[in-house]
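Each chain, written out:
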Amino acid sequence: RVPIRTYLGSIIILTIMLCLASLLYASHVGGNLLQIFLTLALTILPASAVAVDVVNWLVVQTVPPRVLPRLDFQDGIPAEFNVMVVIPSLLKNEAELASLLHQLENHYLGNADPNVRFALLTDFVDAPQKDLPGEADLIQEAISGIERLNQYYGSDGYHPFYIFHRERIWNPNEGCWMGWERKRGKLVEFNSLLSGKERSAFTVQSGDLSILPATRYVVTLDADTTMPRDCVRQLAGSLAHPLNQAEFDPETGTLTGGYTVIQPRIQVK
């Protein structure tokens, strides 16, 4: 009934217990006040990590999984459920750009579908001024890289690769020029772009922009994330199922049923 309190409370209690055990040990072996304090400082982070792992393991062992119903899209995603796979990232240098383009290509090869497209959402790193030398050339190289991928893998009416880039704005709290709200900001402004509310946030928009209004779902990946083969079809099939489609209260806009966001299982390798 109170899952957040139960989950976080269990982690906090277990972390406190592990820290107390280390403090009792330090005191038992004759540590002075400074040594006991250092023991606590060195213990709290690993203790919290252990607590998270233990609680997660207990949850998996005690709470049965609930499998969402899913439409079978193994033969292709229908046009009404267009998907855009995006990688929000910082554009640092040519090596970083090459890595991002390589990741985008790999995601395409594992999830190629006429109704799935792949995009980079980029900012430059924080800086003391709005523009730095060489950045214009880097952006042009990024656009050229996207165009090469589209020429190699695209066809008439299907150009699967995009890049959307934002300029820095002044952030008085951080005291620097940076992309608004960094990663979260890119996703918020990209959703606004797809819905037609705000089109000016991304000063660079390269790719077939005519398909943007028809995009139904967005799959967000980190720059170092690897997607299994046909993962996009499975995610789209889950969200497209009638029992999972989001329902909203017409007056308040509150979600009353279904899902607006789902997260698949993630494994660290």
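Shown above is the structure to which this text applies.
None of the values given here were measured: they were computed from a predicted structure.

Draft legend 1. Structural detail: the overall build of the chain. Along the backbone of the chain there are six helices and nine strands. A compact globule built from 269 residues would reach a C-alpha radius of gyration of about 18 Å, whereas the chain, at 23 Å, exceeds it by more than 25%. Projected onto the principal axes, the alpha-carbon positions of the chain cover approximately 75 × 50 × 40 Å. Counting over 269 residues, the chain shows a buried share of 35%. Taking the contacts inside the chain whose residues are at least 6 apart along the sequence as the reference set, 71% of them involve residues at least 24 apart. Entry remark: accessible area of the chain is about 16800 Å², with carbon and sulfur atoms responsible for 58%.

Draft legend 2. Spotlight on a nonpolar patch on the surface. A cluster of nonpolar side chains, contributed by Ile4, Tyr7, Leu8, Ile12, Ile16, Leu20, Val59 and Val63, occupies part of the molecular surface with about 710 Å² of accessible area. No other element matches the six residues that helix α1 (residues 3-28) contributes to the nonpolar patch. Inspection of the secondary structure puts Tyr7 in helix α1.

Draft legend 3. Region of the structure containing helix α4 (residues 135-153). Taking 1.5 Å per residue, 19 residues should reach 27 Å; α4 reaches 27 Å between its end C-alpha atoms and fits that length. Among the residues of α4, Glu135, Leu138, Ile139, Ala142, Ile143, Gly145, Ile146, Leu149, Asn150 and Tyr153 are the ones counted as buried. Viewed end-on, α4 has its buried residues packed into an arc of 155 degrees, placing them on one side of the element. Of the residues in α4, the exposed ones pointing more than 90 degrees away from the buried face are Ala136, Asp137, Arg148, Gln151 and Tyr152. Lining the buried residues of α4 we find β1 (82-91), α3 (94-110), β2 (116-124), β3 (161-166) and β6 (202-206).

Draft legend 4. Spatial organisation of the layout of surface pockets. Taken as a whole, the largest pocket holds about 2000 Å³ of empty space. Considering the residues around the largest pocket, the lining is formed by 44 residues, among which Val219, Leu235, Ile262, Gln263 and Pro264 are closest to the centre. Elements with a contribution of two residues or more to the lining of the largest pocket: α5 (182-195), β7 (215-220) and α6 (231-240). In terms of residue count, the dominant contributor to the lining of the largest pocket is α6 (seven residues). Its boundaries defined by the atoms lining it, the second largest pocket holds a volume of some 380 Å³. Together, Val59, Val60, Val63, Pro64, Pro65, Arg66 and Gln263 line the second largest pocket. By residue class, the composition of the lining of the second largest pocket is five nonpolar, one polar and one charged.

Draft legend 5. Representation of unusual backbone geometry in the model. Located in the positive-phi region is Arg182, a residue other than glycine, with phi close to 50 degrees. If you trace the backbone, Arg182 turns up in helix α5.

Draft legend 6. Expanded view of the pattern of salt bridges. Taken as a whole, this structure holds nine salt bridges when the rule is applied. Salt-bridge contacts for Lys130 lead to Glu167; the nearest nitrogen and oxygen are separated by 3.4 Å. One end of the pair, Lys130, is in the loop between β2 and α4; the other, Glu167, is in the loop between β3 and β4 (169-171), and 37 residues separate them in sequence. Under the relative-accessibility criterion, Glu167 is labelled partly exposed at 39%. Between Arg168 and Glu135 there is a salt bridge, with the nearest N and O atoms lying 2.5 Å from each other.

Draft legend 7. View of the environment of Gln245. Within the secondary structure layout, Gln245 lies in the loop between α6 and β8 (247-248). For Gln245 and Leu33, which are 212 residues apart along the polypeptide, the C-alpha to C-alpha distance reads 58 Å. Beyond its immediate stretch of four places on either side in the chain, Gln245 contacts Phe81, Arg216, Leu239, Ala240, Gly257, Gly258 and Tyr259. Of the polar contacts made by the side chain of Gln245, one reaches the backbone oxygen of Ala240; its length is 2.6 Å.

Draft legend 8. Broad picture of the packing of aromatic side chains. Counted by the stated rule, this structure contains 13 aromatic pairs. Taken together, Tyr108, Phe118, Tyr152, Tyr153 and Phe161 form an aromatic cluster joined through their ring pairs.

Draft legend 9. Examining the pairing of β2 more closely. Most of β2 sits inside the fold, with nine of its nine residues counted as buried. Across the two faces of β2 the burial is the same, with Val116, Phe118, Leu120, Thr122 and Phe124 and Arg117, Ala119, Leu121 and Asp123 all buried. As defined by bridge partners, β1 adjoins β2 across nine bridges and the pair is classed as parallel. By the bridge assignment, Ile87 is partnered in β2 with Leu120. Traced from β1 through α3 to β2, the parallel crossover comes out right-handed. Pairing geometry for β2 and β3, over five bridges, is parallel. Counted as the bridge partner of Ala119 is Tyr162 from β3. The parallel pair β2 and β3, bridged by α4, forms a crossover whose chirality is right-handed.

So, how was this worked out
- Residues numbered from 1 in each chain as written.
- Predicted model: local features only at pLDDT ≥ 70, side-chain atom pairs only at ≥ 80, totals over all residues.
- Heavy atoms only, no water.
- Helix = DSSP H or I, 4+ residues; strand = E, 2+ residues; numbered from the N terminus.
- Rg over C-alpha atoms; globule rule 2.2 N^0.38 Å.
- Buried < 20%, exposed > 50% of the residue type's maximum accessible area, 1.4 Å probe, protein only.
- Contact = heavy atoms within 4.5 Å.
- Areas by Shrake-Rupley, 256 points an atom, 1.4 Å probe, with all protein chains shown as cover.
- Patch = residues over 30% accessible without salt bridge, like charges linked within 9 Å, V, L, I, M, F, W, Y side chains within 5 Å.
- Salt bridge = Lys/Arg side-chain N within 4 Å of Asp/Glu carboxyl O.
- Expected span 1.5 Å × (residues − 1).
- Arc of directions from axis to C-beta.
- 1 Å grid on protein atoms, 1.4 Å probe; cavity = no way out; pocket = protein on both sides within 12 Å on 5 of 7 lines; lining within 4 Å.
- Points joined across faces, edges and corners; volume = space filled by probe spheres on them.
- Nonpolar A, V, L, I, M, F, W, Y, C, P; charged D, E, K, R; others polar.
- Polar contact = N/O pair within 3.5 Å; in protein donor to acceptor, adjacent residues only side chain to side chain.
- Phe/Tyr/Trp six-rings, centres within 6.5 Å; stacked < 30°, edge-to-face > 60°.
- Pairing = 2+ DSSP bridges.
- Right-handed = clockwise from strand over helix to strand, strands pointing away.

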